[in-house]
Amino acid sequence: MELRREEFPVALQAYEVRGDREDFVAEQVVNSQAEADNFMSLYAGRLIKTRELRPVETRKFEGHGTTTAAVQRRRAGISPWIVILLIIVALLIVGFATGWIQTMIGQTK
């Protein structure tokens, strides 16, 4: 199925045909012919229908969902905790390896 450039984005729907009824299988919004081809090859042998997206489905909602900037901020917040944990683990390993922790435990008894 070839789609014209002005038709994108469009929703592709796959249906399993059983007798006289159609059972919904999957839906994907595609923005290019390559994505459409991938969807159609994934659901080969099934009935593929297209539908235009409603304006509410294409509108960007401010403050809702995750954006790439929010994901990057979240990842940046995780890395300092990993660094701190690694430093603590390294100090524990060095402390046990040198016997310093065992000495400190022995002095407290």
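Residues numbered from 1 in each chain as written. Predicted model: local features only at pLDDT ≥ 70, side-chain atom pairs only at ≥ 80, totals over all residues. Heavy atoms only, no water.

### A short note on the packing of aromatic side chains
Applying the stated criterion across every chain yields a total of 2 aromatic pairs. One Lys or Arg, K49, reaches over the ring of Y15 and ends 4.8 Å from the middle of that ring. (Phe/Tyr/Trp six-rings, centres within 6.5 Å; stacked < 30°, edge-to-face > 60°. Lys NZ or Arg CZ within 6 Å of the ring centre and 35° of its normal.)

### Section: the nonpolar core
Here is a general trend for soluble globular proteins: nonpolar side chains tend to be buried in one another's company. Ranked by size, the top nonpolar core spans 12 residues in total: L3, F8, V10, L12, A14, A26, V30, A36, F39, M40, Y43 and I48. Elements represented by at least two residues in this core include exactly β1 (10-18), β2 (21-30) and α1 (33-42). (Core = buried A, V, L, I, M, F, W, Y, C linked by side-chain atoms within 4.5 Å. Buried < 20%, exposed > 50% of the residue type's maximum accessible area, 1.4 Å probe, protein only. Helix = DSSP H or I, 4+ residues; strand = E, 2+ residues; numbered from the N terminus.)

### Some details on the sheet that holds β2
One open sheet accounts for 3 strands, arranged β2-β1-β3; its pairing is antiparallel. Two strands lie at the open edges of the sheet, namely β2 and β3 (47-52), each paired on one side alone. Neighbour-to-neighbour, the strand axes of the sheet open up by a mean angle of 25 degrees, direction not taken into account. (Pairing = 2+ DSSP bridges. Axes fitted to C-alpha atoms, helices over the stretch in contact; angles between N-to-C directions.)

### Overview of a nonpolar patch on the surface
Residues W81, I84, I88, L92 and F96 make up a contiguous nonpolar surface patch of roughly 550 Å² in combined accessible area. For I88, the location among the structural elements is in helix α3 (residues 68-98). I88 sits in the partly exposed class, given a relative accessible area of 45%. (Patch = residues over 30% accessible without salt bridge, like charges linked within 9 Å, V, L, I, M, F, W, Y side chains within 5 Å. Areas by Shrake-Rupley, 256 points an atom, 1.4 Å probe, with all protein chains shown as cover. Salt bridge = Lys/Arg side-chain N within 4 Å of Asp/Glu carboxyl O.)

### Quick look at α1
Taken as a whole, α1 has its buried residues at Q33, A36, F39 and M40. Projected onto a plane normal to the axis of α1, the buried residues spread over an arc of 120 degrees and lie on a single side. The outward face of α1, more than 90 degrees from its buried face, is lined by the exposed residues A34, N38, S41 and L42. If you follow the buried residues of α1, they end up packed against β1, β2 and β3. (Arc of directions from axis to C-beta. Contact = heavy atoms within 4.5 Å.)

### Focus: the pattern of salt bridges
Within the structure shown, the criterion is met by 5 salt bridges. Of the charged contacts, one joins R18 and D23 as a salt bridge, the two residues approaching to 3.5 Å between their closest N and O atoms. Take R18: its relative accessible area is 49%, and that puts it in the partly exposed class. For E27, the salt bridge identified is with R51, shortest N-O distance 2.9 Å.

### Concerning the environment of G95
Relative to the elements of secondary structure, G95 occurs in helix α3. On the basis of relative accessible area, G95 is assigned to the buried category, the value being 6%. When near neighbours in sequence (up to four residues on either side) are disregarded, G95 contacts W100, I101 and Q102.

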